[in-house]
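# Chain and residue survey
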Amino acid sequence: MYNMNAESNLDERRHGQKRWPIRLKDRLSDSRPVRLLAAAKWSLILSLMAFLLGRAMILGELAPFAAAFFAAVFFLRRESIFWVAVALPIGSFFAYDPQSLYMIAQIAVFYCLQRGLEAFERSDVSYAPISVFISVFAVKLFVYAVDGGLSWYDLMMTTVEGALGFILCMIFIQAIPAVMLPRKNNRLKNEEVICLIILLASVLTGTVGWSPGEVSIEHVLSRYLILLFALAGGGPIGATVGVVCGLILSLADVGAIAQMSVLAFSGMLAGMLREGKRIGVAGGLLLGSTILAMYISDGQELAASITESVIAAVLFLLTPRVMIRRLSRYVPGTHEHAKTQHDYAKRVRDVTAGRVEQFSEVFSQLAASFKQFSHEGESIKKEEDATNFMNDIAA
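Residues numbered from 1 in each chain as written. Predicted model: local features only at pLDDT ≥ 70, side-chain atom pairs only at ≥ 80, totals over all residues. Heavy atoms only, no water.

### Quick look at the overall build of the chain
- What the chain contains, in helices and strands, is 16 helices and 0 strands.
- Here the chain, with 395 residues, has 38% of them falling under the buried criterion.
- A separation threshold of at least 6 residues defines the contact pool for the chain, and within that pool the share at least 24 residues apart is 68%.
- When the accessible surface of the chain is totalled, it reaches about 23,300 Å², and 65% of it is carbon and sulfur. (Helix = DSSP H or I, 4+ residues; strand = E, 2+ residues; numbered from the N terminus. Buried < 20%, exposed > 50% of the residue type's maximum accessible area, 1.4 Å probe, protein only. Contact = heavy atoms within 4.5 Å. Areas by Shrake-Rupley, 256 points an atom, 1.4 Å probe, with all protein chains shown as cover.)

As structure tokens, this is what we get:
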């Protein structure tokens, strides 16, 4: 009897130890600060991205990211446009060539255009790239006209900046819904994956110039991004991320154009070693970046490149598994993506089968009702025939 009581107490204690994390999670989820943080999660993320995109520049004088990102948020996450509109000029204030006033004017022109289109019921997301081009081009053209001189070079650069804003707006409109809007399934097209990579690489451009010591923050984060996508999608995705990140970072810093080849080769090699899990992917990145850095860098730059790769690998090894698994669901061709599609197809099949069963029950009940009516009609006809027969006999 004593042994049975001891075993029951031990089972209750183990059961309580298993349930306390669940209770702690429920208490945290019910607390007011956690609920407020969860509700403002996307606003905080978009504000951070807006800060970095406001700081990002191309060729040292073009800033097409701000108006394009504000336009995408205006149509896709309108509840966050205020914080995004505040974060963009603040980020530009910390750039080498601050253009906060330009960004405020571009945002104001775009907002007025959209309000005018809404008044005439013509506002649509398909018009957003055109509105971005008009906003960027008109503001820069007005500034050059007020300064008293408009050269052909200024006109060309203004047109290029407006065209870049037009293209980036289309890219951001495709990229933001990929991860921030609810979807019926997790299936992403290859174009959406590329747009997402371009958005993330553009955000990394906002970290150009942040160099604690000999380590560049943009190089560390770009290598970390390559590691995530290489493990999720393999060699092709890793090489694609490397090329896109290297290209966009080289536009922001012309001296870093050699990084495009380093990142592309490192991403391909890291993706090819994805069967080795995290250790294999991190080792592939270290090997690829070191090999190419030995050819295009001197001793000091080689040491800095190895340090950046090591820091990115450490961050990658510390990344939660849930984050990588969730990223893999969005990348076409991965096992997680195929499993997600299989589960989605199974749910659709189960729902369809349930609907068919409901319809079959309805038709079965209708058939039983008609059968009952037919039996009643036959009995009434037999009674009428018997009555007529008896009447004939009596007559």
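Still to come is the rest of the account.
### Some words on the packing of helix H4 (residues 65-76) against helix H6 (residues 100-119)
- Following both chains from N to C, one finds H4 and H6 inclined at 35°, their axes separated by 10 Å at the closest point. In the crossing of H4 with H6, the sense of the turn from one axis to the other is right-handed. Here Ala-66, Ala-67, Phe-70, Ala-71, Phe-74 and Phe-75 of H4 lie close against H6, whose contacting residues are Met-103, Gln-106, Ile-107, Phe-110, Tyr-111, Gln-114 and Glu-118.
- Looking at side-chain class alone, the contact of H4 with H6 contains 10 nonpolar, 2 polar and 1 charged residues. (Axes fitted to C-alpha atoms, helices over the stretch in contact; angles between N-to-C directions. Left-handed = near helix turned anticlockwise from the far one by under 90°. Nonpolar A, V, L, I, M, F, W, Y, C, P; charged D, E, K, R; others polar.)

### Observations concerning the pattern of salt bridges
- A full pass over the atoms with the stated rule returns 5 salt bridges.
- Note that Glu-118 and Arg-78 form a salt bridge whose closest N and O atoms lie 3.2 Å from each other. In this pair, Glu-118 is assigned in helix H6 and Arg-78 in the loop between H4 and helix H5 (81-93), connecting sequence segments 40 residues apart.
- Glu-118 sits in the partly exposed class, given a relative accessible area of 26%.
- Relative accessible area serves as the criterion here: at 37%, Arg-78 is assigned to the partly exposed category. (Salt bridge = Lys/Arg side-chain N within 4 Å of Asp/Glu carboxyl O.)

### Re the nonpolar core
- If you look at the biggest cluster of nonpolar residues, it comprises 74 residues, and the most contacted ones within it are Phe-69 and Phe-172.
- The dominant element in this core, judged by the number of residues it contributes, is H4, at 11 residues.
- If sequence neighbours within four positions are ignored, Phe-172 has contacts with Phe-65, Ala-68, Phe-69, Ala-72, Leu-76, Pro-177, Leu-199 and Ser-202. (Core = buried A, V, L, I, M, F, W, Y, C linked by side-chain atoms within 4.5 Å.)

### Observations regarding the environment of Leu-46
- Tracing the chain through its elements places Leu-46 in helix H3 (residues 41-55).
- Put simply, Leu-46 and Ser-80 are 34 residues apart on the chain and 7.5 Å apart in space, counted from C-alpha to C-alpha.
- Among all residues touching Leu-46, those that are not within four sequence positions of it are Phe-69, Val-73, Arg-77, Ser-80, Val-84 and Met-180.

### Description of the packing of aromatic side chains
- Enumeration over the complete set of coordinates arrives at 10 aromatic pairs.
- An angle of 55° between the planes, with centres 6.0 Å apart, marks the rings of Phe-51 and Phe-94 as tilted. One end of the pair, Phe-51, is in helix H3; the other, Phe-94, is in the loop between H5 and H6, with 43 residues separating them in the sequence.
- Taken together, a centroid distance of 6.1 Å and an interplanar angle of 90° make the contact between Phe-74 and Tyr-111 edge-to-face. Placement of the pair is Phe-74 in helix H4 and Tyr-111 in helix H6, with a sequence separation of 37 residues.
- Among the aromatic side chains, those forming a connected cluster through ring pairs are Phe-70, Phe-74, Phe-75, Phe-110 and Tyr-111.
- One Lys or Arg, Arg-78, reaches over the ring of Phe-74 and ends 4.0 Å from the middle of that ring.
- A cation over a ring is seen here: Arg-278 above Phe-316, with NZ or CZ 5.9 Å from the ring centre. (Phe/Tyr/Trp six-rings, centres within 6.5 Å; stacked < 30°, edge-to-face > 60°. Lys NZ or Arg CZ within 6 Å of the ring centre and 35° of its normal.)

### Remarks on the environment of Val-132
- Checked against the element boundaries, Val-132 lands in helix H7 (residues 128-147).
- A C-alpha to C-alpha distance of 6.0 Å links Val-132 and Phe-166, two positions 34 residues apart in sequence.
- Among residues more than four places away in sequence, those in contact with Val-132 are Ala-67, Ala-68, Ala-71, Phe-110, Gly-165, Phe-166 and Cys-169.

### Quick word on the packing of helix H8 (residues 152-180) against helix H9 (residues 190-205)
- Their axes nearest at 8 Å, the elements H8 and H9 cross at an angle of 100°. In terms of orientation, H8 and H9 fall into the roughly perpendicular class. Only Glu-192, Cys-195, Leu-196, Ile-198, Leu-199 and Ser-202 of H9 make contact with H8, whose side of the interface consists of Ile-171, Phe-172, Gln-174, Ala-175, Ile-176 and Val-179.
- Considered class by class, the residues forming the contact of H8 with H9 number 9 nonpolar, 2 polar and 1 charged. (Parallel < 35°, antiparallel > 145°, perpendicular 65-115°, else oblique.)

### Brief notes about the confidence of the model for the chain
- Residue-level pLDDT values for the chain average 77, and 72% of them are 70 or greater.
- Of all secondary-structure elements in the chain, the lowest mean pLDDT belongs to helix H1 (residues 2-30), at 51, while H4 reaches the highest, 90. (pLDDT = per-residue confidence, 0-100.)

### Quick notes on the side chain of Ser-305
- Mapped onto the fold, Ser-305 is located in helix H14 (residues 299-317).
- Within the structure, Ser-305 has its side chain in polar contact with the side chain of Arg-223 (distance 3.2 Å).
- Residue contacts for Ser-305: discarding those within four places in its chain leaves Arg-223, Ser-289 and Ala-293. (Polar contact = N/O pair within 3.5 Å; in protein donor to acceptor, adjacent residues only side chain to side chain.)

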